[in-house]
Number of protein chains: 2
Amino acid sequence: MASRKEVAELAGVSEATVSRVLNGVGPVREETRQRVLEAARKLNYQIHALAASFARGRSGNLGVVLPHVPKVRLFSTYYFSEMLDGIGEAVRERGMGLLLLYRRPQEPFDYVPLFRSVRIDACIVLGASSLPEEEAGIRAMADEGLPFCMIDHRSGDGRASSVCAAHEEGSRRAVQHLIESGYRKIGFLNGSPWYSPSREREAGYMRALREAGLAPDPKRMFAGNYSRTSGRRAAEDVYARLRDLDAIFVANDRMAIGLMQALRERGVRVPDDLAIVGCDDSDAAAMVDPPLTSVRVPFGAMGRTAAERLLDRLPDWRGTESVFHETLATELVVRESSAPRS
Amino acid sequence: MASRKEVAELAGVSEATVSRVLNGVGPVREETRQRVLEAARKLNYQIHALAASFARGRSGNLGVVLPHVPKVRLFSTYYFSEMLDGIGEAVRERGMGLLLLYRRPQEPFDYVPLFRSVRIDACIVLGASSLPEEEAGIRAMADEGLPFCMIDHRSGDGRASSVCAAHEEGSRRAVQHLIESGYRKIGFLNGSPWYSPSREREAGYMRALREAGLAPDPKRMFAGNYSRTSGRRAAEDVYARLRDLDAIFVANDRMAIGLMQALRERGVRVPDDLAIVGCDDSDAAAMVDPPLTSVRVPFGAMGRTAAERLLDRLPDWRGTESVFHETLATELVVRESSAPRS
DNA sequence: TGCGAAAATGTACGCGCGTACATTACGTCA
DNA sequence: TGACGTAATGTACGCGCGTACATTTTCGCA
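The shown structure was predicted, so the numbers you read here are calculated from the model rather than taken from an experiment.

Asks: Outline the packing of aromatic side chains, listing residues and values.
Replies: All names here are of chain A. If you walk through the whole model with that rule in mind, you get 15 aromatic pairs over all chains. With centroids separated by 5.0 Å and ring planes inclined at 85°, the aromatic side chains of Tyr 79 and Phe 80 adopt a geometry described as edge-to-face. Just as Tyr 79 is buried, Phe 80 falls in that class too. Three or more aromatic residues link up through ring pairs in this structure, and these residues are Tyr 78, Tyr 79, Phe 80 and Phe 299. Positioned over the ring face of Tyr 239 is Arg 266, at 5.3 Å from the centre of the ring.

Asks: How would you sum up the protein's contact with DNA strand D? Please name residues and give values.
Replies: Taken together, 24 residues form the shell around DNA strand D, and within it Ser 19 and Tyr 45 of chain A together with Ser 14, Arg 20 and Thr 32 of chain B come nearest. Taken together, the sugar and phosphate atoms account for 57% of what DNA strand D places within 4 Å of the protein. Residue Ser 19 of chain A places a side-chain N or O atom 2.6 Å away from a phosphate oxygen belonging to DNA strand D. Among the elements that take part in the surface near DNA strand D, helix H4 (residues 49-56) of chain A stands out by supplying five residues, more than any other.

Asks: Give me empty space enclosed by the protein: which residues, what numbers.
Replies: Taken as a whole, this structure holds eight cavities of 30 Å³ or more when the rule is applied. Roughly 470 Å³ of volume is contained in the largest cavity. Those elements that place two or more of their residues in the lining of the largest cavity are strand E1 (61-67), helix H5 (77-93) and strand E2 (97-103) of chain A together with strand E1 (61-67), helix H5 (77-93) and strand E2 (97-103) of chain B. When its residues are assigned to classes, the lining of the largest cavity shows 20 nonpolar, eight polar and six charged.

Asks: Explain the state of the cysteines residue by residue, including any values.
Replies: All names here are of chain A. Considering all chains together, one arrives at zero disulfides over all chains under this definition. Of all cysteine sulfurs in the structure, the one in Cys 149 sits closest to Cys 123, which takes part in no disulfide; the separation is 9.5 Å. In this structure Cys 123 comes out as buried when scored by relative accessible area, which is 0%. Note on Cys 164: no disulfide assigned, nearest cysteine sulfur contributed by Cys 149 at a separation of 8.0 Å. By relative accessible area, Cys 164 is classed as buried at 1%.

Asks: Give a detailed account of the interface of chain B and chain A, specifying residues and quantitative values.
Replies: Listed as interface residues are 47 residues of chain B and, on the opposing side, 47 residues of chain A. Between chain B and chain A, a total of about 4400 Å² is buried, with carbon and sulfur atoms accounting for 56% of that surface. Ranking the residues of chain B by area buried against chain A places Leu 50, Arg 116 and Met 287 of chain B at the top, with a combined share of 16%. The interface formed by chain B and chain A includes four salt bridges. A salt bridge links Arg 264 of chain A to Asp 289 of chain B, with the nearest nitrogen and oxygen atoms 3.9 Å apart. When residues of the side of chain B that touches chain A are traced back to their parent elements, those giving at least two are helix H4 (49-56), H5, E2, helix H6 (112-116) and helix H11 (253-265) of chain B. Counting residues per element, the side of chain B that touches chain A draws most heavily on H5 of chain B, which supplies nine residues. As paired elements, E2 of chain A and E2 of chain B share three bridges and run antiparallel to each other. Across the sheet, Leu 99 of chain A pairs through a bridge with Leu 99 of chain B, a residue of E2 of chain B.

Asks: A description of the side chain of Ser 322 of chain A should follow, citing residues and the corresponding values.
Replies: Mapped onto the elements, Ser 322 of chain A comes out in the loop between helix H12 (299-313) and strand E11 (325-328). According to the relative accessible area criterion, Ser 322 of chain A is buried, its value standing at 5%.

Asks: Residues and numbers for the sheet that holds strand E9 (residues 275-280) of chain A, please.
Replies: Residue and element names in this part refer to chain A. Pairing is mixed in the open sheet, where six strands are placed in the order E7-E6-E8-E9-E10-E12. A strand with exactly one partner marks an edge of an open sheet, and here the two such strands are strand E7 (221-223) and strand E12 (331-333). With strand direction ignored, the average angle separating the axes of adjacent strands in the sheet is 20°. As paired elements, E9 and strand E10 (residues 293-296) share four bridges and run parallel to each other. Each residue of the ladder has a partner; that of Val 277, found in E10, is Thr 293.

Asks: Describe unusual backbone geometry, naming the residues involved and giving the relevant values.
Replies: All names here are of chain A. For the bond running from Val 270 to Pro 271, omega is 5°, close enough to zero to count as cis. Along the chain, the position of Pro 271 falls in the loop between helix H11 (253-265) and E9. A positive phi angle is found at Tyr 226, which is not glycine, with a value near 80°. Take Tyr 226: it is sitting in the loop between E7 and helix H10 (228-240). The class for Tyr 226 is buried, based on a relative accessible area of 9%.

Asks: Report on the protein's contact with DNA strand C, specifying residues and quantitative values.
Replies: The environment of DNA strand C is formed by 23 residues, the closest being Ser 14, Arg 20 and Thr 32 of chain A together with Ser 19 and Tyr 45 of chain B. Take the atoms of DNA strand C that sit within 4 Å of the protein: sugar and phosphate atoms are 56% of them. Residue Arg 4 of chain B places a side-chain N or O atom 3.2 Å away from a base nitrogen belonging to DNA strand C. Put simply, the parts of the chain that give the surface near DNA strand C at least two residues each are helix H2 (15-23) and H4 of chain A together with helix H2 (15-23) and H4 of chain B. For the surface near DNA strand C, the element with the highest residue contribution is H4 of chain B, accounting for five residues. When its residues are assigned to classes, the surface near DNA strand C shows 13 nonpolar, six polar and four charged.

Asks: Explain the environment of Ala 55 of chain A to me, and be specific about the residues and the numbers.
Replies: Structurally, Ala 55 of chain A can be placed in helix H4. According to the relative accessible area criterion, Ala 55 of chain A is exposed, its value standing at 69%.

Asks: Can you tell me about helix H8 (residues 167-180) of chain A, naming the residues and giving the values?
Replies: All names here are of chain A. Taking 1.5 Å of rise per residue, the 14 residues of H8 would be expected to cover 20 Å, and the 19 Å separating its terminal C-alpha atoms lies within 8% of that figure. Along H8, the positions that sit buried rather than exposed are His 167, Gly 170, Ser 171, Arg 172, Ala 174, Val 175, His 177, Leu 178 and Ile 179. Backbone geometry just downstream of H8 places Gly 182 in the positive-phi region, at approximately 100°.

Asks: I'd love a proper account of the domain arrangement of chain A, names of residues and values included.
Replies: Put simply, an interface is often sized by how much accessible area is lost when its parts join up. Here chain A is partitioned into domain 1 (4-47), domain 2 (61-165 + 300-328) and domain 3 (167-298 + 331-338). Computed over C-alpha atoms, the centres of domain 1 of chain A and domain 2 of chain A are 37 Å apart.

Asks: I'd like a description of the sheet that holds strand E9 (residues 275-280) of chain B, backed by residues and values.
Replies: Residue and element names in this part refer to chain B. The sheet built from six strands is open, its strands ordered E7-E6-E8-E9-E10-E12 with mixed pairing. Looking along the sheet, the strands with just one partner apiece sit at the ends: strand E7 (221-223) and strand E12 (331-333). The mean angle between the axes of side-by-side strands here comes to 20°, regardless of whether they run parallel or antiparallel. Sheet topology note: the strand E6 (residues 186-190)/E7 ladder contains three bridges and is parallel. The residue of E7 that forms the bridge with Leu 189 is Phe 222. Helix H8 (residues 167-180) contacts E6, strand E8 (247-250), E9, strand E10 (293-296) and E12 of the sheet and is inclined by roughly 165° relative to E8. Running over the sheet, H11 touches E6, E8, E9 and E10 and is turned about 155° from E9.

Thresholds applied
- Residues numbered from 1 in each chain as written.
- Chains lettered and ligands numbered in written order.
- Predicted model: local features only at pLDDT ≥ 70, side-chain atom pairs only at ≥ 80, totals over all residues.
- Heavy atoms only, no water.
- Phe/Tyr/Trp six-rings, centres within 6.5 Å; stacked < 30°, edge-to-face > 60°.
- Buried < 20%, exposed > 50% of the residue type's maximum accessible area, 1.4 Å probe, protein only.
- Lys NZ or Arg CZ within 6 Å of the ring centre and 35° of its normal.
- Near = heavy atom within 4 Å.
- Polar contact = N/O pair within 3.5 Å; in protein donor to acceptor, adjacent residues only side chain to side chain.
- Helix = DSSP H or I, 4+ residues; strand = E, 2+ residues; numbered from the N terminus.
- 1 Å grid on protein atoms, 1.4 Å probe; cavity = no way out; pocket = protein on both sides within 12 Å on 5 of 7 lines; lining within 4 Å.
- Points joined across faces, edges and corners; volume = space filled by probe spheres on them.
- Nonpolar A, V, L, I, M, F, W, Y, C, P; charged D, E, K, R; others polar.
- Disulfide = S-S within 2.5 Å.
- Contact = heavy atoms within 4.5 Å.
- Buried area = accessible area lost by both parts, 1.4 Å probe.
- Salt bridge = Lys/Arg side-chain N within 4 Å of Asp/Glu carboxyl O.
- Pairing = 2+ DSSP bridges.
- Axes fitted to C-alpha atoms, helices over the stretch in contact; angles between N-to-C directions.
- Expected span 1.5 Å × (residues − 1).
- Domains from an automatic or database assignment.

Right under this line is the structure:
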């Protein structure tokens, strides 16, 4: 491997000049620039990224922390893949690296050492909940004023930056859509309230009912944990209450699909006996029968936005002062599972 | 941030001893060890990972390169998520980092500079094809004897390590299962032949027919590109040939599901009019109606295996000599889409 | 032609660590 | 008690780069 010194010698300049040319800093005569580039090319010189990072004192990596759930699938792979895609684009455009870090959900996670050890320059947290164990790690980052951002989660700690989706509005639209389609006895199957989107969806559901002059009814509220299995389990309760229901809004597609399957096994027809609307518009929504009406969430754009905001502010990050919050719009995708009531 | 020097002073030892304790190398008196650890704890000392990597001349990162496909979804998110999970586990156990790198499919990709610039110590390539543009990058790595491994792809270049799945055997089993279930006119919808699993699945399909004394028939062979859309498109051809078919084996679940949907729209019943078996056993297979019989591929284990082999051999990697190949078993998961012929 | 400012380049050092090698402390056995 | 081998620790340096600062060159203008 050619060294910077060799390049300097071949080009007849000092190492500093080579460095300047390669980093595009400082004034350099065009002719010199060409000579250096030519020499570097000839020697097949590759900058030692590690040494460069070390000298700069920054790793050049954005850390992305996501929950690792071996068996139970509370999150769809779709969810994270889309966000990672968006983050990946933004990261690459800025010539940085994307360090993937897994954490165990519902357990404390030490984010701060990742910064102190200069493994990452900034951090994006995916799939976070409001559980105390998880919030603790977030708070620790906030205490240090470190550059990080949570996606799709509004932390109790206002010092945590976030990029979220308009779940409340999306849910309101979804339920409004059901009402406009002739449904009146609309239930709600929510996921764990430890996740902020759950609470927002419930608020949207409530608001839509209120706006339509419909009374919320505790008998129409069901609880799951975002897994398909929990949707199947909820089917039992839903089935028992079927005469109090003509539609149900479900907090994600996985549960909606599990619910739909289990209900079908009991002879319930969708949407004739019960209309269903899900959330996420994951690719599975279009695969099931009937295709599932769902609230689309721009996961990719959310990832991209979070990474962009974070990395663009990084050079002059001023701790808590630099905190940002952004909310991206959701969109209702209407399919057959919520066809107008006949 | 506390420095190594401060720790050394507080513990009353030299920096070298601190280093030895923290890295667990060389002989250190137990009492000294405790004093150093105590001092480090007291000062909240964090090793500067970047500096350590620099001094060692190794980044401590495993690069994982995967195709970035903005719109078209040739790969299911399931595919990569599972593999990343497995890789992530192995990487964490070894105290290394996982650097995620996106590449554009069907375009040349420069792997070698990632090594030369010491951004990564080893590399795993996901979703690779045999297209010349893609093979070129792989060959370049092999030429240098670099430590890398491809997952689920058998490269033309034997110097490329690989961890694959027994697709041929899995496919053979799938088709054999169809035959045992009473089907005789069995078609095959394959994905792009540029992917080695496609070729293996075709071989397995052929072998099962041959073993059962059935003649392959070009009229029963169909082509897609692994996307759900291509499955839908293939439905047209399949529908036209329906009287020559009573079952069809499809090279992945996405196409199988697209095909199933489009056929259903034309009034074809599964499995009564046409049985279907897919590949991958992605989570969607269990979500569709009827649930899809599919060949399970141990993506997670494949990721883990690749990372383990690679990282464990890394300390004394001897170029092409160290190349390895592994094939993990597949398993047929029978569901209703291939119920015995009535 | 001379001069001053800006442009261009060179010199020199530190970033924080791992580790080869030198040195010292310790324990054993004759 | 002295010599010797090994355990334990200290000293010193280099890894390859970015960059502050010193130095030289260039060029416009009087």
